[in-house]
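Structural overview
Given next are the chains, with one letter for each unit.
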Amino acid sequence: MAFTFSLFSGCSGQKTVPQTVDSVDLERYSGKWYDIAHLPARFLTGCTCITAEYSRNKDNTIKVINRCYKPEKNKYSNITGKAFIVKNSNNTKLKVQFFWPFRGDYWIFELGDNYKYAVVGSPSGKYLWILSRTPSLPENLYNELLEKIESKGFDVEKLVRVDHENC
């Protein structure tokens, strides 16, 4: 498949491990999220209209469906994975698996009131996403999130904004 969404830790020069939110209600977190911006990743190159959808499985894992549109191929790509809750993390840290046996870190660093936005990624600083329940965020909120992300040690200058027009 052309589109993969893996969250494998890597070295990025980040000096401190960023803090997650205190807790996450996974029922409220479930549903569709729009990728507003992310750090560059090979598997996202050329993608627009990027979304992630989360739903609870009966075995206390989370089904993950990532989707993106590749305009040069005029088609959508999907990949389905599974997220495992990290014990004693109050649901703020997950391990996501798209290809067995590999699992990558998925930590929730920011979470908006009523779960309207989230900032997620790897503690290494290699991966980061700003997610929203809608295809766009107000610019003032986006800038506020950039400040918070930067204070956690992420390089916000490298963020790639995602186009959700004509999806």
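Just so we're clear, the structure is a prediction, and the values are computed from it rather than from any experiment.

1. So, unusual backbone geometry
Of the consecutive residues Trp-100 and Pro-101, the connecting peptide bond is found in the cis state with omega at 10 degrees. Within the secondary structure, Pro-101 is located in the loop between β5 (93–99) and β6 (102–111). In the Ramachandran plot, Asn-88 falls in the positive-phi region, its phi being about 60 degrees despite a non-glycine side chain. Mapped onto the elements of the fold, Asn-88 is located in the loop between β4 (75–85) and β5. Classification of Asn-88 by relative accessible area gives exposed; the value is 77%. The phi angle at Asn-166 is positive, at roughly 60 degrees, despite the residue not being glycine. Topologically, Asn-166 is positioned in the segment after β9 (160–161). We classify Asn-166 as exposed; its relative accessible area is 77%.

2. Side note on the side chain of Thr-61
When you line up the elements, Thr-61 lands in the loop between β2 (48–56) and β3 (62–70). Taking relative accessible area as the criterion, Thr-61 reaches 5% and is therefore assigned buried. Here Asp-59 takes part through its side chain, which lies 2.4 Å from a polar atom of the side chain of Thr-61. Residue contacts for Thr-61: discarding those within four places in its chain leaves Ser-55, Arg-56, Lys-82, Ala-83 and Phe-84.

3. Quick look at the environment of Ser-30
As for its position among the elements, Ser-30 is in the loop between α1 (26–29) and β1 (31–38). Considered as a pair, Ser-30 and Lys-148 are 118 residues apart in the sequence and their alpha carbons are 23 Å apart. If sequence neighbours within four positions are ignored, Ser-30 has contacts with Tyr-54, Ser-55, Arg-56 and Arg-133.

4. Structural notes on the environment of Gly-46
By secondary structure assignment, the location of Gly-46 is in the loop between β1 and β2. Along the backbone, Gly-46 and Lys-70 are 24 residues apart, and their C-alpha atoms lie at a distance of 6.0 Å.

5. Considering the nonpolar core
Residues Val-24, Tyr-29, Tyr-54, Tyr-106, Leu-111, Val-120 and Leu-131 are the most contacted members of the largest nonpolar core, which totals 30 residues. Tyr-54 has contacts with Tyr-29, Ser-30, Gly-31, Trp-33, Ile-62, Lys-63, Val-64, Tyr-106 and Leu-131, leaving out every residue within four places of it along the chain. Formed by 19 residues, the second largest nonpolar core is a distinct cluster that contains Trp-107, Val-119, Leu-128 and Leu-137.

6. Things to note about the confidence of the model for the protein chain
Looking at the protein chain, pLDDT values average 90 and 91% of them are 70 or higher. Low confidence marks residues 1–14, where pLDDT is under 50. Its contacts with residues over four positions away, or in another chain, come to 52 contacts.

7. Considering the environment of Arg-42
Checked against the element boundaries, Arg-42 lands in the loop between β1 and β2. Arg-42 sits in the exposed class, given a relative accessible area of 73%. Taking the C-alpha atoms as reference, Arg-42 lies 26 Å from Thr-61; in sequence the two are 19 residues apart.

Conventions used here
- Residues numbered from 1 in each chain as written.
- Predicted model: local features only at pLDDT ≥ 70, side-chain atom pairs only at ≥ 80, totals over all residues.
- Heavy atoms only, no water.
- Helix = DSSP H or I, 4+ residues; strand = E, 2+ residues; numbered from the N terminus.
- Buried < 20%, exposed > 50% of the residue type's maximum accessible area, 1.4 Å probe, protein only.
- Polar contact = N/O pair within 3.5 Å; in protein donor to acceptor, adjacent residues only side chain to side chain.
- Contact = heavy atoms within 4.5 Å.
- Core = buried A, V, L, I, M, F, W, Y, C linked by side-chain atoms within 4.5 Å.
- pLDDT = per-residue confidence, 0-100.

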